[in-house]
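Architecture at a glance
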Amino acid sequence: MVRTWLVAHHGFGFTLSAAALTAALCWFGRALVPGATGGPPIPLWALSPPAFAILASAVTVNSMPELVPSIGRLRCGRLAWLLLVLLVSCVGAALATLATGLGSIVPATCLLVVLTFGASAVLGRSALLIGAVPAVAIVTLTPTVTLLEAELWLPQRDPRLWLLLVAVAAVGAIRYVLIGARPPRYEARLVDE
Amino acid sequence: MNRRTGGIFVAPLLVTALFAMLSYEAPWRGEWNWTVDAVTGTTVLTGPLTGSVAAHIAAVQRRLDPVNASTVRGWEVPLWAGLRAWLLGLGVYVITFATAWAVTALSTDGGPMSWWVLLIGPAVLALCAVAGASCGWWWPHRLAVLFTAPALFLFGSFGPRPLAGLLRQGPVTGSLAGLEYDARVWWLQVGALVAATALIASTFFPWRLRRARAMGAVLAIGTAVLLISTCVALKMGGSERFVVSAERPTACRGVPEACLAPSNLRLLDEVSRALTVAADILRETGVDLPERYEQLLAGYHPPADVGLLADVATSSTSELRRGALLVVTPAACQAWTDPSAPPPDLAFRAQELLTEWIVGRGGGETMPGDAESATWLSQTNAPDRIAWVVRTVGQLRHCQLSELAMPWGVGS
């Protein structure tokens, strides 16, 4: 059952990818990436939380059609899966933080990963946008050298916004656990039939 | 695949391209070549995203491999996936160009327009599309789609030059006045892009068939040779996209005349007004200013008998301060731009003090750099102030930079 769940959610691929991403961030987290709009360069570290969120978006949707209504065990499975992905992402973020010596990205990574799961209940695979939009915004708007002072991803930067996002993430996570990620259209038709 | 394949990605691609273009670090200058560079610069983001779209389409089509593989032309499926993604990216590129053209044309515009440079954008998109299709085809997994865009973007950032430079076609933030695109570099880069695209595409050939094997080998070897030779040529001869042009500061206005390059036509009104305001303040003291100030351009140093306009970019300071900064170089002395024999520090300090004096005289808020300057500027009725101003402007006008002195004696 566990193996089936992991296969259906690409667990092996996710773990390998998360490990590769963590290794890349540990070694190259301080490497500066030229901005896409001619602005000042940004450290790869700044792109870590969106990167983990994009990775998480690939594993929110169950590849096997869920032909039965959500039952207790299915909901427990989703909760366990969410927590497992969150744990792997946060461990990766923590290691990257230690290795780079820059500001902690663990709270932001947790928030974005949970937001991604919540968004998948509505958007399905398009929950990718939760990670992609901040990544594109950072690369395009290239905030200045304060990024190297590690302020970008800290909750203290804007506590009210963080509270709001945490509340939205909590609601989204509950929705994901209760009803699961929105399936792709062809699978939705299969369930309807 | 049908007509709607990949259509869902058009909106995100377009939003990303327009968002990137309208978020540039520098303000829109009204220079046509800058606009062209802004458009080609959007491929820094849309190229990798097009690659991901191609990876997605190819990965989805791979599911039909049992059907495709049994057909004669089934090997073309990943190429069609790449082509579909390229067409989507090309459509976004055209819309981006139309938007940029409109933004530039709706306000004062000027300067040459090297429209042919725009043709490199589709070449970048083609390389990204075929690379993405290759990723999605050989690794038909959702993660391949997610990894393609960041991989292409990071290759453009950290990859070996000049290969990685092919994916970085702008944008520049500074002015392109006095510069033009180097056609040699452009042709070499287009050649490298086409060769790389064809080389990757050749991996899809049905190598098991004898005839296709021969054709594929010829294509692969030919394109590899072309790619290597263009990269070597770029490495040896330089891959800087711009060279000095024949553009000169011929657009003039005001008294004294402020002459800028036609590319900077949008700034001419502001610069000439600011210069006139500051010049009028100086002339009240009886100083003799040149009749003409010319813009310093790459490859063009104005003659020493005209004033020098070194930095005409849009400024957030007041018109008075901007004019003061522009007017205090009444002669284009060689020393101002000669890194081997720069002016003494005292020359710069004297210019700063003169600037603050003009601002104060014009009723603006002064920002003295040290206590001595602050004291001197506050002594509004001191009789020797005008004498110092007249003497200093004269010395600047005749390039006697080593004879400049501060009004309170020898500067530290």
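In every chain, residue numbers begin from 1 and rise along the written sequence. The order in which chains are written sets their letters, starting at A; the order in which ligands are written sets their numbers, starting at 1. The model is predicted, so local features are restricted to residues of pLDDT at least 70 and side-chain atom pairs to those at 80 or more, both for listing and for counting; the totals for chains, interfaces and linings are taken over all residues. Note: side-chain values were computed over all heavy atoms of the structure, leaving out hydrogens and water.

1. Some points on the side chain of Glu31 of chain B
Filter applied, for reference: Helix and strand definitions follow DSSP, with helices as H or I runs of at least four residues and strands as E runs of at least two, each counted in order from the N terminus. Three exposure classes are used, based on accessible area relative to the maximum for each residue type with a 1.4 Å probe and protein chains only: buried under 20%, partly exposed in between, and exposed over 50%.
For Glu31 of chain B, the location among the structural elements is in the loop between α1 (10–22) and α2 (32–41). For Glu31 of chain B, a relative accessible area of 1% corresponds to the buried category.

2. Digging into the state of the cysteines
As a reminder of what qualifies: When two cysteine sulfur atoms are found within 2.5 Å, that pair is recorded as a disulfide.
If you walk through the whole model with that rule in mind, you get three disulfides over all chains. Here Cys90 of chain A pairs with Cys110 of chain A through a disulfide, and the sulfurs are 2.5 Å apart. Here Cys90 of chain A, found in helix α4 (residues 72–100), pairs with Cys110 of chain A, found in helix α5 (residues 106–123); they are 20 residues apart in sequence, far enough to count as distant. Each sulfur of the disulfide joining Cys252 of chain B and Cys259 of chain B lies 2.1 Å from the other. Because the sign of the S-S torsion sets the handedness, a value of about 115 degrees for the bond joining Cys252 of chain B and Cys259 of chain B places this disulfide among the right-handed ones. In this structure Cys128 of chain B is a free cysteine whose sulfur lies 11 Å from that of Cys135 of chain B, the closest cysteine sulfur available.

3. Some thoughts on the interface of chain A and chain B
To be explicit about the condition: In this analysis, two residues are considered to be in contact whenever any of their non-hydrogen atoms come within 4.5 Å of each other. A simple way to read buried area is as the amount of 1.4 Å-probe accessible surface that goes missing from two parts once joined, with both sides added. The term salt bridge refers to a side-chain nitrogen of Lys or Arg lying within 4 Å of a carboxyl oxygen of Asp or Glu. N or O atoms closer than or at 3.5 Å make up a polar contact, with two conditions inside protein: a donor-capable atom paired with an acceptor-capable one, and, for residues adjacent in sequence, both atoms drawn from side chains.
Contact with chain A, which involves 30 residues of that partner, is made by 22 residues of chain B. Regarding the contact of chain A and chain B, the summed buried area is about 2000 Å², with carbon and sulfur atoms giving 69% of it. The tally of links from chain A across to chain B stands at zero salt bridges. On the surface where chain A and chain B come into contact, there are two residue pairs in polar contact (both at pLDDT 80 or more). Counting residues per element, the ones that place at least two in the side of chain A that touches chain B are α2 (11–28), β1 (32–33), α3 (48–57) and α6 (129–141) of chain A.

4. A short note on the side chain of Thr35 of chain B
All names here are of chain B. By secondary structure assignment, the location of Thr35 is in helix α2. Given the relative accessible area of 2%, Thr35 is considered buried. Of note is the side chain of Thr35, whose polar atom sits 2.7 Å from the side chain of Thr104. Contacts of Thr35, omitting those with residues within four sequence positions, involve Trp28, Ala100, Trp101 and Thr104.

5. Some details on helix α7 (residues 142–158) of chain B
Residue and element names in this part refer to chain B. The cut-off we apply is this: What a helix is expected to span follows from its residue count: subtract one and scale by 1.5 Å. To get the bend at a given residue, fit one axis to the seven residues ending there, fit another to the seven starting there, and take the angle between those axes.
For α7, built from 17 residues, the straight-helix expectation of 24 Å at 1.5 Å per residue is met to within 8% by its first-to-last C-alpha distance of 25 Å. When the local axis directions of α7 are compared, the greatest deviation, roughly 30 degrees, occurs at Thr148, which is followed within four positions by the proline Pro150. By the burial criterion, the buried members of α7 are Arg142, Leu143, Ala144, Val145, Leu146, Thr148, Ala149, Leu152, Phe153, Gly156 and Ser157.

6. Section: the pairing of strand β4 (residues 257–260) of chain B
All names here are of chain B. Operational definition: The pairing criterion for strands is at least two bridges between them, as found by DSSP. Orient the strands so they point away from the viewer; a crossover is then right-handed if the path from the first strand over the helix to the second runs clockwise.
In the sheet, strand β3 (residues 251–253) pairs with β4 via three bridges, with the strands oriented antiparallel. The residue bridging Arg253 from the neighbouring strand is Ala258, located in β4. Pairing of β4 with strand β5 (residues 292–295), which is carried by three bridges, proceeds in the parallel orientation. Looking across to β5, one finds that Glu257 is bridged to Arg292. For the crossover from β4 across helix α10 (residues 265–283) to β5, the handedness is left-handed.

7. Describing the nonpolar core
Stated precisely, the cut-off is as follows: Remark: nonpolar core denotes a set of buried residues (Ala, Val, Leu, Ile, Met, Phe, Trp, Tyr, Cys) joined through side-chain atoms within 4.5 Å.
Counting 53 residues, the largest nonpolar core has Val85 and Phe117 of chain A as the members making the most contacts within it. Counting only elements with at least two residues in this core, the list comes to α2, α3, α4, α5, α6 and α7 (159–179) of chain A together with α3 (43–62) and α7 of chain B. Broken down by element, the residue count for this core peaks at eight residues, all from α4 of chain A. Beyond its immediate sequence surroundings of up to four residues, Phe117 of chain A is in contact with Ala56, Thr60, Trp81, Leu82, Val85 and Tyr176 of chain A.

8. A short note on the confidence of the model for chain B
Residues and elements named next belong to chain B. To be explicit about the condition: How sure the predictor is of each residue is captured by pLDDT, a score from 0 to 100.
Model confidence for chain B is summarised by a mean pLDDT of 88, while 96% of its residues fall at 70 or above. The least confident element of chain B, judged by mean pLDDT, is helix α4 (residues 65–68) at 78; the most confident is helix α6 (residues 120–138) at 95. Here the prediction assigns the complex a pTM of 0.84, and the interface score ipTM is 0.76.

9. Some remarks on the packing of α6 of chain B against α7 of chain B
For any two helices packed against each other, the geometry is given by the interaxial angle and the distance between the axes. Residues and elements named next belong to chain B. Here is the rule: Here, axes are lines fitted to C-alpha atoms. For helices the fit covers the stretch in contact, and angles between N-to-C directions go from 0 to 180 degrees. By the definition used in this description, the sense in which the near helix is turned from the far one sets the handedness, with an anticlockwise turn below a right angle giving left-handed and a clockwise turn giving right-handed. In the scheme used here, Gly and all other residues not listed as nonpolar or charged are polar, with Ala, Val, Leu, Ile, Met, Phe, Trp, Tyr, Cys and Pro taken as nonpolar and Asp, Glu, Lys and Arg as charged.
At their nearest, the axes of α6 and α7 sit 9 Å apart, and the two run at 145 degrees to each other. Where α6 crosses over α7, the two elements pack in a sense that is right-handed. Of the residues in α7, those touching α6 at Cys128, Ala131, Gly132 and Cys135 are Ala144, Thr148 and Leu152. Partitioned by chemical class, the residues of the contact of α6 with α7 number five nonpolar, two polar and no charged.

10. Quick word on a nonpolar patch on the surface
Residues and elements named next belong to chain A. Selection criterion: For patch detection, residues must exceed 30% relative accessible area and be free of salt bridges, and they are connected within 9 Å for like charges or within 5 Å for nonpolar side chains (Val, Leu, Ile, Met, Phe, Trp, Tyr). Under the convention used here, a 1.4 Å probe and the Shrake-Rupley method define accessible areas, while residue burial counts only the protein chains that appear.
Where nonpolar side chains cluster on the molecular surface, the patch consists of Met1, Val2, Leu6, Leu84, Leu87, Val91, Leu95 and Leu98 and spans about 820 Å² of accessible area. Of all the secondary structure elements, the ones that give two or more residues to the nonpolar patch are α1 (2–8) and α4. Within the element layout of this structure, Leu95 appears in helix α4.

11. Some details on the environment of Thr50 of chain B
Examined against the element boundaries, Thr50 of chain B turns out to sit in helix α3. Along the backbone, Thr50 of chain B and Arg84 of chain B are 34 residues apart, and their C-alpha atoms lie at a distance of 9.8 Å.

12. Things to note about the sheet that holds strand β6 (residues 307–309) of chain B
Residues and elements named next belong to chain B. Here four strands make up an open sheet; going across it, the order is β3-β4-β5-β6 and the pairing mixed. Each edge of the open sheet carries a strand with a single partner, namely β3 and β6. Across the sheet, the axes of successive neighbouring strands diverge by a mean angle of 25 degrees, strand direction being ignored. Taken strand by strand, α10 contacts β3, β4, β5 and β6, and its axis lies near 155 degrees from that of β4.

13. A short note on helix α14 (residues 384–397) of chain B
Residues and elements named next belong to chain B. Put simply, the test is: Think of the arc as the fan of directions from the helix axis to the C-beta atoms.
Over its 14 residues, α14 runs 20 Å from end to end, which matches the ideal 20 Å to within 8%, given 1.5 Å per residue. For α14, the set of buried residues is Arg385, Trp388, Val389, Thr392, Val393, Gln395 and Leu396. Buried residues of α14, seen end-on, are gathered within an arc of 160 degrees and therefore sit on one face of the element. Downstream of α14 by one or two residues, Cys399 has phi in the positive range, about 60 degrees.

14. Here's the deal with the environment of Met113 of chain B
Residue and element names in this part refer to chain B. The topology assignment puts Met113 in the loop between α5 (77–105) and α6. Sequence spacing of Met113 and Ala313 is 200 residues, and the spatial spacing of their C-alpha atoms is 20 Å. Setting aside residues up to four positions removed in sequence, Met113 forms contacts with Trp32, Asn33, Val36 and Phe97.

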